[in-house]
Structures are given as C-alpha cells and as structure tokens.
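So the chains spell out like this:
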Amino acid sequence: MDKVIIAENLSLAYSNNETIINKANFSIDSGDFVFITGASGSGKSTLLKSLYGALKPIEGSLVVGGVELREVSNSKLNFLRKHLGIVFQDYKLVKEWTIEKNIMLPLIINGYERTVMQNQTDSLLKHVKLRHQAGKYPLELSGGEQQRVAMARALAHNPILILADEPTGNLDDYSSQLIWNLLEGANEQLKATIIVVTHHIPETMKVSYKHYHIEFGDIREVI
Amino acid sequence: MKSFKNHFSLVIALVSILFSLQIFTIVERAIDAYRENLAKNYALVVVAQKRVDTDKLLNSSELIASINDISPDSVIAKLNSGISKQNIALLKATLLKFYKVKLNYYPSPNELEKLTELLLHSQSIKRVEAFSKTYNTTYRLLLLFKTVISVFAFTVIIVTILLIFKELRIWQFKHNERMSIMGLFGAPAWLRSAVLFRLAIVDAIIASIFSFVIFFYLTSLSWIEEQFSSIGISIVLFDKIYDFLIMLGVSIAVSMLLATFIVLGHKEEV
Ligand SMILES: Nc1ncnc2c1ncn2[C@@H]1O[C@H](COP(=O)(O)OP(=O)(O)OP(=O)(O)O)[C@@H](O)[C@H]1O
Ligand SMILES: [Mg+2]
C-alpha cells in the first residue's frame, strides 16, 4: 500500500530548545485511521505541526504525500497544504469572517466554483449542527461550536489527509459522536487518511484503526 | 456592524488626510486668484525725461504686461487759457513723460526690486514709483495667511500619520493572524495579501466618497461663496471631477502603502 507519511530518524525541536521528538521512525499507509495519544506536553501537537510543514525537522527525513518537508519550497508546501484538512488545537478560525466564510476558506484557496462552495458549506453546516449560526462570527460561538466549525473547515475540500488535534476536546458525548462519525465517513467513503490526536480513543469506533503513543520523544505503535 | 468597525479607523484617517489636502488646495487657489486680482489693480508709475520706446521696454521683462503713457492733456487743458498754441506745444515737448506699467502677476518683493532697478537703467527713466509700502503689507499678509494654513494642514497630516502608525500595529496583528491561517491551508502569497489590498482599496474608495460628499455639501453653502466674493474672488472651491480624482488617487496610494507595510511585516508563526 502507498505510504502517505514516512518518517526516518525524525527529530523535532523549537529553535535551539531541547528536542521534543528524538529520532523517531514510523510510516502511515494511505487510508489508515490513526490515533495518537501521549501525555500533555509530550509533543503530539508538535508532531502535527511538522506534518503540515510549519515546523521543519532538525534531523532525519519526513515525507508527507510525496513531499520531503525538510527542504521544501513555498510553492510545493502550498500545494501539499491544499490537500490537507487540519483541525488545530486552538481552532485558528478567522475572527473577522463569518462561520460560513471560515468553512469556505479551503474551497476558496482550491478555486472551487461559487455554487459548489455554497452547497458544500451548507451540507457541512448541517452535519455539525450549526446551520442556524452560519452568519455569526467565531467569537460569538461557544468553544465547542468553534471546534465544530474547525472540523467542518477541515473536511470542506475532501482532503486526502486529515490532521486533527484533539477535535473533541471541548465537546460533550453527543457532539463528540458527531465528529467521530464525520471522520469515519471521510475515511470510509472518501478514502482519506486520518490522524487524530486525542486523550480518549472512543469505544464506538466502527472502522479499524491504529494507535500510536508518544513518550520520551519516541513514537511507537501500540498493538 | 462588525464590518463597519473593520473599516472605520482607516477610513477616518484617510478622510482627515483628504480634508487637509483639499483645504490646502482651496487656500492655494484663493491666494492665486487674489494675487491675480491684485496684479490687475496694481501698476507702477514711471517718470521719464523723454519719450521712451515702450515696445523695447515691454520686451525687457517678462513681468511687464503693458505700458501706457499717462497723457498730460488734462493738466494742460487747465492751463489752456491764455497760453498760445505754440507755447503749449513747447510745454508738451519739455514736460516729463509719465507711464503706467501694468504687470502680468503680483510680484514678490524681490522681483519688484529687480524690475525697479531694470527700469531705472533703461533709456531716460528718472524715477519709478512702486508704492512699495502698501504693496509690502498686502503681500506679507497674503504670505502669512498661506503659512498659517500650510502649518495647519501639515500638522493635521502629521498627527494623522502618527495615528495611522499606531493603528498599523493593530491591523498588522489582525491581518497577520488571517494571513497565517490562509497560509496553513496552502494559500499562495498573492491570495493571502489580496484580501488586505482589496480591503485597502475599498477603504480608500469609501474615504474618497465620504470626502466628496462633505466638500460637495460645504461648497454648495451660500455663505461660504459669499465669504469669497466679499474679498472679490471667485474660484472653483471643489472641482467635482478633478479634485475627486486627486482624492481617490491620494487615498488609494496611502492605503496601498499601508497594506504593503503590513504584507512586508508579515511573519509566519510556529
Ligand atoms: N511554539 C513553541 N515554542 C517553543 N516550545 C514549544 C512551542 N510549542 C510547544 N512547545 C513545547 O513543546 C513541548 C510539546 O508541546 P506540544 O504542544 O507538542 O504538546 P502536546 O503533546 O500537544 O500537549 P497537549 O496535550 O497539552 O496539547 C512542550 O514542552 C511545549 O512547552
Ligand atoms: Mg497539543
């Protein structure tokens, strides 16, 4: 099977500080559903940052979707990011845009047609139960609602790889289940590869998944 | 409401710049018109021993608009009685010649002094009366007025620019965030800044239209026109096409400059 992510001797650190991921080796197949767990501060978000090219490896190699991220040009990085769907731990919604426009962002960047954008956005708003809030601004929503907007935005352009950082961290059981269903749907129907950072792996998972754990700077599969 | 707040600060700043510029333009126009007026009513008197070649004199300085002799006939007419025609002719020939020299525009004191010098060294000219005392007072008043207005307009522009730079940090912060987020979803640099440049152009257009409405209203007030006609000048206070285009140009240039600052100051955060 195709490898979406290949990490060899991957080391990550913020400028001149201690290494957070130390010489890790792992690979993720196309179509996998992967959970990443680890203690707070262990480097889960840091790993995701490296996967979308916001943090360059200080050592080793990291290839995502065929793009080597250690030495990558801006245009190549933009090309890769257009095919990623990211849910950030701090959501990163554009405050001066409405919910609707926030969800449209990846569609705008990918140059979708107006009507396609509108239909896709409407359908996603319905799925995350935020249809009645479409015209509101992020700061007018609760934390959990903002998180659902971030999820909808990550799915908007049918990305081939979804990176979600604690996408249910702020949600009750009912809303969490909404999110899991969406991710499972993207994985099953759209064959998207999914990497989710979480503290609790849901018990209701219908698709098969892999589980990686980060500890002491290493990333290991839990079998 | 939200989008109104987004536009408000830059629009107000731009309007105050446009306002100062237009006031400055109006004063410039008024002073030019006034100077023209003064030049129309102003003349030097030249006294010569013999008849002078007026064409030659006319060509000797750019400043001179016309030279006319002041006819002594009316004076002579008073003496007419009891003097023979022969004697009158003799008197006419020996009498000093007076000329009135009109100028193209109202000269600066320096130009006037030079002209006086030039005239005194031409042909048989003996005396030049420039009425410099009254002349100087008016000219100084004009200059003072212009200086006061320029300082005023300049101060407003400087204060506005300082305010803009203070606001710039807030804008930079706000736009930085959006540009970073767009970048994380793979937006190329031009698309990331397109939003900002579009906002800048929209703000510039709003500011220009706003200023247009203000000046259109102000200059249509009859008392303002009366003020100007009371000092004997009629000028175009606000040219609806030319001045508007200038306003539009200035505000687009200023806001584009600001947008460029913001884009250049953009930093990718980790
Ligand atoms: N921007 C940054 N600059 C410097 N150090 C950072 C930065 N972000 C995170 N760190 C450090 O890197 C380490 C790992 O952080 P990270 O955010 O990856 O943890 P995490 O596993 O996602 O934790 P959590 O479960 O709390 O989200 C932490 O010790 C943190 O202090
Ligand atoms: Mg984290």
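A quick note: this is a predicted structure, and the numbers were derived from the prediction, not measured.

1. Structural notes on the environment of Ala-186 of chain A
Alright, step 1. Secondary-structure assignment places Ala-186 of chain A in helix H6 (residues 173-189).
Alright, step 2. Sequence-distant contacts of Ala-186 of chain A, defined by excluding residues within four places in its chain, comprise Leu-155, Ile-162, Lys-191, Ala-192 and Ile-194 of chain A.

2. Looking at the site of ligand 1
Alright, step 1. If you check the shell around ligand 1, you find 15 residues, and the closest are Ser-40, Lys-44, Ser-45, Thr-46 and Gln-89 of chain A.
Alright, step 2. Around ligand 1, the nearby residues trace back to chains A and B.
Alright, step 3. One nitrogen or oxygen atom from the side chain of Lys-44 of chain A is found 2.7 Å from an oxygen atom belonging to ligand 1.
Alright, step 4. In the environment of ligand 1, an oxygen atom lies 2.8 Å from a nitrogen or oxygen atom belonging to the side chain of Gln-89 of chain A.
Alright, step 5. Bound to the protein, ligand 1 loses 63% of the 630 Å² it would expose on its own.
Alright, step 6. Per-element accounting of the shell around ligand 1 gives the leading share, 4 residues, to helix H1 (residues 44-51) of chain A.
Alright, step 7. In the shell around ligand 1, the residues fall into 4 nonpolar, 8 polar and 3 charged.

3. A word on the pairing of strand S1 (residues 43-48) of chain B
Residues and elements named next belong to chain B.
Alright, step 1. The buried count for S1 comes to 6 of 6 residues, which makes it a mostly enclosed element.
Alright, step 2. Residues Ala-43, Val-45 and Val-47 line one face of S1 and the alternating positions Leu-44, Val-46 and Ala-48 line the opposite face, and both faces are buried.
Alright, step 3. In this structure, S1 lies alongside strand S3 (residues 97-103), joined through 6 bridges in antiparallel fashion. In the sheet register, Val-47 faces S3, and the bridge partner there is Phe-98.

4. Brief notes about unusual backbone geometry
Residue and element names in this part refer to chain A.
Alright, step 1. One non-glycine residue, Lys-129, lies in positive phi territory at about 55°.
Alright, step 2. Here Lys-129 lies in the loop between helix H4 (114-127) and helix H5 (143-155).
Alright, step 3. We classify Lys-129 as partly exposed; its relative accessible area is 42%.

5. Brief notes about the interface of chain A and chain B
Alright, step 1. Across the contact, 22 residues belong to chain A and 18 residues belong to chain B.
Alright, step 2. Interface area, chain A with chain B, both sides summed: about 1900 Å², of which 66% is carbon and sulfur.
Alright, step 3. The largest contributions to the chain A side of the interface with chain B come from Arg-81, Glu-96 and Ile-109 of chain A, which together make up 30% of the buried area.
Alright, step 4. At the junction of chain A with chain B, the criterion picks out 2 salt bridges.
Alright, step 5. We note a salt bridge from Glu-177 of chain B to Lys-95 of chain A, for which the minimum N-O separation is 2.4 Å.
Alright, step 6. Counting the contacts that link chain A with chain B gives 3 residue pairs in polar contact (both at pLDDT 80 or more).
Alright, step 7. Contributing elements (two or more residues each) for the side of chain A that touches chain B: helix H2 (74-81) and helix H3 (99-109) of chain A.
Alright, step 8. For the side of chain A that touches chain B, the element with the most residues is H3 of chain A, which contributes 4 residues.

6. Details of helix H9 (residues 242-264) of chain B
Alright, step 1. Here H9 of chain B contains 23 residues, and its C-alpha end-to-end distance of 33 Å stays within 8% of the 33 Å for a straight helix at 1.5 Å per residue.
Alright, step 2. Taken together, the buried positions of H9 of chain B are Asp-243, Phe-244, Met-247, Ser-251, Ser-255, Leu-258, Ala-259 and Ile-262 of chain B.

What counts, and at which threshold
Residues numbered from 1 in each chain as written. Chains lettered and ligands numbered in written order. Predicted model: local features only at pLDDT ≥ 70, side-chain atom pairs only at ≥ 80, totals over all residues. Heavy atoms only, no water. Helix = DSSP H or I, 4+ residues; strand = E, 2+ residues; numbered from the N terminus. Contact = heavy atoms within 4.5 Å. Near = heavy atom within 4 Å. Polar contact = N/O pair within 3.5 Å; in protein donor to acceptor, adjacent residues only side chain to side chain. Areas by Shrake-Rupley, 256 points an atom, 1.4 Å probe, with all protein chains shown as cover. Nonpolar A, V, L, I, M, F, W, Y, C, P; charged D, E, K, R; others polar. Buried < 20%, exposed > 50% of the residue type's maximum accessible area, 1.4 Å probe, protein only. Pairing = 2+ DSSP bridges. Buried area = accessible area lost by both parts, 1.4 Å probe. Salt bridge = Lys/Arg side-chain N within 4 Å of Asp/Glu carboxyl O. Expected span 1.5 Å × (residues − 1).

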